[in-house]
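Tertiary structure, described
Here's the letter readout for the chains.
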Amino acid sequence: MKRCSKCLLPDTLPNSNFNSQDECFWCQTGYPLYEPKGNARLKRILESHRSQTNTADCLVGLSGGKDSTYTLYRLVKEYGLKVEAFTYIHEGSVDFALENAKNVCKQLGVKHHIVSLKNQAHLKSFQDYFIAWTEQETAVSAGLTCVACKHLHILGYQIAVKRKIPMIVWSSSPLEYSPFLAIKNKQDKKNPFKREGLIKSSYQFIKQAIKSPKLCKAFINNFHTSVYGCLAVFPSSSYLSKRFPTIKSIMFYDYETWDPQKIRAEIQEQLNWKVPAEIKEDWHSDCVFNIFKEYMFQKMLGVSYTDAFLSNQIRYGLKNRESALIELQNSKKNFSEALPRALAFVKLDYLASKIDFDCFKEKE
């Protein structure tokens with residue numbers, strides 16, 4: 001395996017297309033083309049959508065992680081908005097993140113809603129799709145393990161409608177996006193990173209379901225969770241826009257620059273935000289299911305979401321390649337050690353014989 005000379009992505013990744021300088025396709029094209037639109041533009045949008053009543057101006061999706069915490073802090077302290085927040089919890093949630101969310105809301109005087117799916121629907125769908133993946137490893141089944149996560153978008157919109165809040169602010173960073181999504185990116189000249197639409201995505205699923213009876217069974221057993229999760233895969237999806245036409249939805253880091261060191265330092269100083277000492281990194285550490293997402297793509301492609309995330313940061317000058325490589329190697333070790341505990345946590349430890357615990361080791 002050979003890694004890109006600029007970032008960390010390997011030549012084992014489909015469409016990597018290394019050039020003569022050993023630069024991957026994503027370094028050649030500047031993926032993911034992230035250029036923040038600026039605070040002034042964000043301020044104009046926020047001002048134009050302020051509530052005209054005594055209700056909150058906006059609702060923030062708050063995981064308790066650093067990015068959403070900083071978003072909430074900035075909206076309250078910098079932009080002077082009346083804000084409410086909501087946290088989606090599920091059977092893979094980690095306690096410290098919820099405690100962070102509660103503490104931050106208390107300090108900022110923000111009303112905090114806690115929501116979840118009923119009857120362990122999130123855990124059940126994850127278990128069924130992961131079992132299907134162990135029988136036949138595909139990017140489609142790997143992606144569907146977290147289809148229930150997308151219900152947080154629906155739940156957020158429902159809160160906004162009920163509370164008469166005109167706007168929802170989300171906190172995903174474009175630098176989190178990966179070039180090996182479950183439904184592959186559509187590569188064309190006008191927009192090389194545009195995702196395929198629902199029809200083509202559904203076609204890919206049908207092809208895989210025909211080959212995998214367990215994948216088909218998982219979809220049937222979790223029909224409602226799966227269908228609505230796919231429809232609401234993005235906060236800006238057409239399904240959500242049509243179902244909730246009165247609610248404005250924006251991505252905070254499309255406007256303010258995502259700078260992890262600055263974000264972490266400010267919320268630690270101003271809000272006493274922290275993670276437990278045993279947590280080795282703060283990205284996606286609030287969800288046990290993330291360990292499995294890292295494992296599945298590592299097993300299939302020899303590369304995980306962390307490879308892509310660190311590579312994106314290298315391209316944007318937030319990390320240098322040498323330190324990022326050390327961080328990546330440590331993360332592989334941490335995920336390898338965490339995987340057995342995660343299996344037990346989600347009551348799938350009986351699958352241990354089907355798990356390749358050595359897949360995180362670097363292959364030469």
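Remember, it's a predicted structure, so these values are computed and weren't measured experimentally.

**Focus: helix H15 (residues 321–345)**
Because an α-helix packs 3.6 residues into every turn, residues spaced three or four apart end up facing the same way. For H15, which comprises 25 residues, the first-to-last C-alpha distance of 34 Å matches the rise-based estimate of 36 Å (1.5 Å per residue) to within 8%. Among the residues of H15, Ala324, Leu328, Ser331, Lys332, Phe335, Ala338, Leu339, Ala342 and Leu343 are the ones counted as buried. Buried residues along H15 sit against helix H5 (121–135), helix H13 (289–301) and helix H14 (305–315). Between a side-chain oxygen at the N-terminus of H15 and the backbone nitrogen of Glu322 the separation is 3.2 Å; the capping residue is Asn320. Positive backbone phi, approximately 60 degrees, marks Lys347, located one or two places after H15.

**Describing the nonpolar core**
Formed by 63 residues in total, the largest nonpolar core has its most connected members in Leu72, Leu75, Phe130, Phe292 and Tyr295. Per-element accounting of this core gives the leading share, six residues, to H13. For Leu72, the residues in contact, after removing those within four places along its chain, are Val60, Leu62, Val83, Ala85, Val104, Cys105, Leu108 and Val110. The next biggest cluster of nonpolar side chains, apart from the first, holds 22 residues, and it includes Phe86, Ala148, Leu155 and Ile165.

**Concerning the sheet that holds strand E1 (residues 58–61)**
Spatial ordering of the open sheet is given by E3-E2-E1-E4-E7, a layout of five strands whose pairing is parallel. Strand pairing shows two members of the sheet lacking a second neighbour, strand E3 (111–115) and strand E7 (248–251), which therefore form its edges. Neighbouring strand axes in the sheet, compared pairwise and without regard to direction, differ in orientation by 25 degrees on average.

**Side note on the side chain of Asn290**
Among the secondary structure elements, Asn290 is positioned in helix H13. The class of Asn290 is buried, set by a relative accessible area of 9%. With near-sequence residues (within four places) excluded, Asn290 lies in contact with His284 and Phe335.

**Quick notes on the pairing of E1**
In the case of a regular strand, side chains alternate between the two sheet surfaces. Of the two faces of E1, both are covered, the one formed by Cys58 and Val60 as well as the one formed by Leu59 and Gly61. As paired elements, E1 and strand E2 (residues 83–88) share four bridges and run parallel to each other. Bridge pairing in E2 links Gly61 to Phe86.

**Details of the state of the cysteines**
If you walk through the whole model with that rule in mind, you get zero disulfides. In this structure Cys7 is not part of a disulfide, and its nearest cysteine sulfur, from Cys27, lies 3.6 Å away. Cys7 gets classed as buried once you look at its relative accessible area, which sits at 0%. Cysteine Cys149 is unpaired, with the sulfur of Cys146 as its nearest cysteine sulfur at 4.1 Å.

**Some thoughts on the environment of Gln329**
Note that Gln329 resides in helix H15. By relative accessible area, Gln329 is classed as partly exposed at 46%. Separated by 32 residues in the primary sequence, Gln329 and Lys361 have C-alpha atoms spaced 8.7 Å apart.

About the cut-offs
- Residues numbered from 1 in each chain as written.
- Predicted model: local features only at pLDDT ≥ 70, side-chain atom pairs only at ≥ 80, totals over all residues.
- Heavy atoms only, no water.
- Helix = DSSP H or I, 4+ residues; strand = E, 2+ residues; numbered from the N terminus.
- Expected span 1.5 Å × (residues − 1).
- Buried < 20%, exposed > 50% of the residue type's maximum accessible area, 1.4 Å probe, protein only.
- Contact = heavy atoms within 4.5 Å.
- Polar contact = N/O pair within 3.5 Å; in protein donor to acceptor, adjacent residues only side chain to side chain.
- Core = buried A, V, L, I, M, F, W, Y, C linked by side-chain atoms within 4.5 Å.
- Pairing = 2+ DSSP bridges.
- Axes fitted to C-alpha atoms, helices over the stretch in contact; angles between N-to-C directions.
- Disulfide = S-S within 2.5 Å.

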